[in-house]
Amino acid sequence: MLLPAKTEVARHLELYRAWERMMLAAPADRAARGNFENTGYTLCVLMGKRCAREAVHAAERYLAGGPAARRRERATSGPATGTRPERSDGLAVSPVL
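Figured I'd write up the structure that's included with this text. (Residues numbered from 1 in each chain as written. Predicted model: local features only at pLDDT ≥ 70, side-chain atom pairs only at ≥ 80, totals over all residues. Heavy atoms only, no water.)

Structural notes on helix 3 (residues 52–64)
What counts, and what does not: For helices the rule is a DSSP run of H or I covering at least 4 residues; for strands it is a run of E covering at least 2, with both sets numbered from the N terminus onward. By definition here, a helix of n residues has an expected span of 1.5 Å times n minus one. Burial classification: accessible surface area is computed with a 1.4 Å probe over protein chains only, and a residue below 20% of its type maximum counts as buried, one above 50% as exposed, and the rest as partly exposed. This arc describes the spread of directions from the helix axis toward the C-beta atoms.
In this model helix 3 runs 18 Å from its N-terminal to its C-terminal C-alpha over 13 residues, within 8% of the 18 Å that 1.5 Å per residue would give. Taken as a whole, helix 3 has its buried residues at A55, V56, A58, A59 and Y62. Projected down its long axis, helix 3 shows its buried positions confined to an angular sector of 165°, all on one face.

Details of the pattern of salt bridges
Worth spelling out the cut-off: Think of a salt bridge as a Lys or Arg side-chain nitrogen and an Asp or Glu carboxyl oxygen that are within 4 Å of each other.
In the structure shown here, the tally under the stated rule is 4 salt bridges. Between E20 and R17 there is a salt bridge; the shortest N-O distance is 3.2 Å. In this pair, E20 and R17 are both assigned in helix 1 (residues 6–25), 3 residues apart and thus about one turn of the helix distant. Among the residues examined, E20 registers a relative accessible area of 15% and is labelled buried. Ionic pairing is found between R53 and E20, a salt bridge with its closest N-O pair at 3.1 Å. In this pair, R53 sits in helix 3 while E20 sits in helix 1, placing the two residues 33 residues apart along the sequence. Overall, the relative accessible area of 35% leaves R53 in the partly exposed class. By sharing partners, the salt bridges in this structure join R17, E20, R53 and E60 into a single network.

Describing helix 1
Taking 1.5 Å per residue as the helical rise, helix 1 with its 20 residues ought to reach 28 Å, and the 29 Å between its terminal C-alpha atoms agrees with that figure. Among the residues of helix 1, those classed as buried are V9, H12, L13, Y16, E20 and M23. End-on, the buried residues of helix 1 take up no more than an arc of 105°, which puts them together on one face. Opposite the packed face of helix 1, turned more than 90 degrees from it, sit the exposed residues T7, E14, R21 and A25.

And the structure:
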């Protein structure tokens with residue numbers, strides 16, 4: 001599994017937190033909300049998560065962690081590369097590329 005550069009993750013996490021504070025301070029500000037949502041989406045892409053909150057937690061673990069945090073992150077991100085899930089009839093499923 002390829003992991004993003006920690007500097008990029010840290011930069012986007014910092015931006016996310018800044019836009020979150022701005023959006024909470026002025027909830028009617030559409031620009032602040034849009035930027036907040038955009039940085040959340042970017043974190044989702046970087047961390048391979050579907051939800052911004054999950055991506056933030058994954059980014060925090062990734063930045064804080066040594067080998068144990070990376071193992072936990074890999075364990076929660078799905079099957080390892082090269083494994084093929086089984087179908088109910090016993091045949092192998094084609095991998096999604």
